[in-house]
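# Descriptive structure summary
Residue strings, one per chain:
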Amino acid sequence: MRKWWKRLRFVVHIRRFLPFLFEFFVSREVPVRKKAVSVGLLLLYIALPFDLIPDWLALFGIIDDFAVFMFILQQVIKMAPVSLKEKYNL
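The structure contained in this document is the topic of the report that follows. All of these numbers come straight from a predicted model, not from anything done at the bench.

### A look at the overall build of the protein
From N to C terminus, the protein includes five helices and zero strands. Per-residue burial over the protein gives 31% buried out of 90 residues. Counting only contacts in the protein whose residues sit at least 6 apart along the sequence, the fraction spanning at least 24 positions is 63%. Summed over its atoms, the accessible surface of the protein is roughly 6,700 Å², and 71% of this surface lies on carbon and sulfur atoms.

Structure follows, in structure tokens:
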């Protein structure tokens, strides 16, 4: 649970997270398959109109979308090579 909170704080600090994402996608250490899976997850999230909680329920619908988005970003962090995780203290 502690690792999850640490990663959540990292994603929220967007100034540090965007360079991590950029390095993840341009790094030769990350296999193309992992890059494709992460892009596929993001595109799938955007393309599918299904929600666990409908957006018209205001705050609850937004929390639902945020949770799914955070799950995808957690998977990207997990797929990152150890050297990249160490560089960004993950």
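### Observations concerning the nonpolar core
Core analysis: the biggest nonpolar cluster contains 14 residues, and Phe10, Phe17, Phe20 and Phe24 have the highest contact counts within it. The residues contacting Phe10, other than those within four sequence positions of it, are Arg16, Phe17, Phe20, Ile77, Tyr88 and Leu90.

### Some points on the side chain of Lys35
Structurally, Lys35 is set in helix α3 (residues 32–47). Despite its burial, Lys35 pairs with no opposite charge; the closest candidate is Glu29, at 10 Å N-O. Other than its neighbours up to four places away in sequence, Lys35 contacts Phe24, Phe25, Val26, Ser27 and Val30.

### Some remarks on the pattern of salt bridges
Under the criterion given, the structure shown has one salt bridge. A salt bridge links Glu23 to Lys87; its shortest N-O distance comes to 2.7 Å. With Glu23 in helix α2 (residues 14–26) and Lys87 in helix α5 (residues 82–87), this pair connects stretches of sequence that are 64 residues apart. Residue Glu23 is classed as partly exposed on the basis of its relative accessible area of 24%. Taking the relative accessible area as the measure of exposure, Lys87 reaches 55% and is therefore exposed.

### Considering the packing of aromatic side chains
In the structure shown here, the tally under the stated rule is four aromatic pairs. Consider the rings of Phe20 and Tyr88, whose centres lie 5.6 Å apart with planes at 80°: the pair is edge-to-face. Taken as a pair, Phe20 in helix α2 and Tyr88 in the segment after α5 lie far apart in primary sequence, 68 residues in all. Between Phe24 and Phe25 the ring centres are 5.1 Å apart and the planes differ by 90°, which places this aromatic pair in the edge-to-face class. By relative accessible area, which is 0% here, Phe24 ends up buried. Residue class for Phe25 comes out partly exposed when judged on its relative accessible area of 31%. An aromatic cluster is defined as three or more aromatic residues linked by ring pairs; in this entry it consists of Phe17, Phe20, Phe24, Phe25 and Tyr88.

### What to know about the packing of α2 against helix α4 (residues 59–79)
For the pair α2 and α4, interaxial distance at closest approach is 11 Å and the crossing angle is 55°. By the angle between their axes, α2 is oblique relative to α4. Pair α2 / α4 crosses with left-handed handedness. Each of Phe17, Phe20, Leu21 and Phe24 in α2 lies in contact with α4, whose residues at this interface are Leu73, Val76, Ile77 and Met79. Tallied by class, the residues present in the contact of α2 with α4 amount to eight nonpolar, no polar and no charged.

The rules behind each value
- Residues numbered from 1 in each chain as written.
- Predicted model: local features only at pLDDT ≥ 70, side-chain atom pairs only at ≥ 80, totals over all residues.
- Heavy atoms only, no water.
- Helix = DSSP H or I, 4+ residues; strand = E, 2+ residues; numbered from the N terminus.
- Buried < 20%, exposed > 50% of the residue type's maximum accessible area, 1.4 Å probe, protein only.
- Contact = heavy atoms within 4.5 Å.
- Areas by Shrake-Rupley, 256 points an atom, 1.4 Å probe, with all protein chains shown as cover.
- Core = buried A, V, L, I, M, F, W, Y, C linked by side-chain atoms within 4.5 Å.
- Lys, Arg positive; Asp, Glu negative; His and termini not counted.
- Salt bridge = Lys/Arg side-chain N within 4 Å of Asp/Glu carboxyl O.
- Phe/Tyr/Trp six-rings, centres within 6.5 Å; stacked < 30°, edge-to-face > 60°.
- Axes fitted to C-alpha atoms, helices over the stretch in contact; angles between N-to-C directions.
- Parallel < 35°, antiparallel > 145°, perpendicular 65-115°, else oblique.
- Left-handed = near helix turned anticlockwise from the far one by under 90°.
- Nonpolar A, V, L, I, M, F, W, Y, C, P; charged D, E, K, R; others polar.

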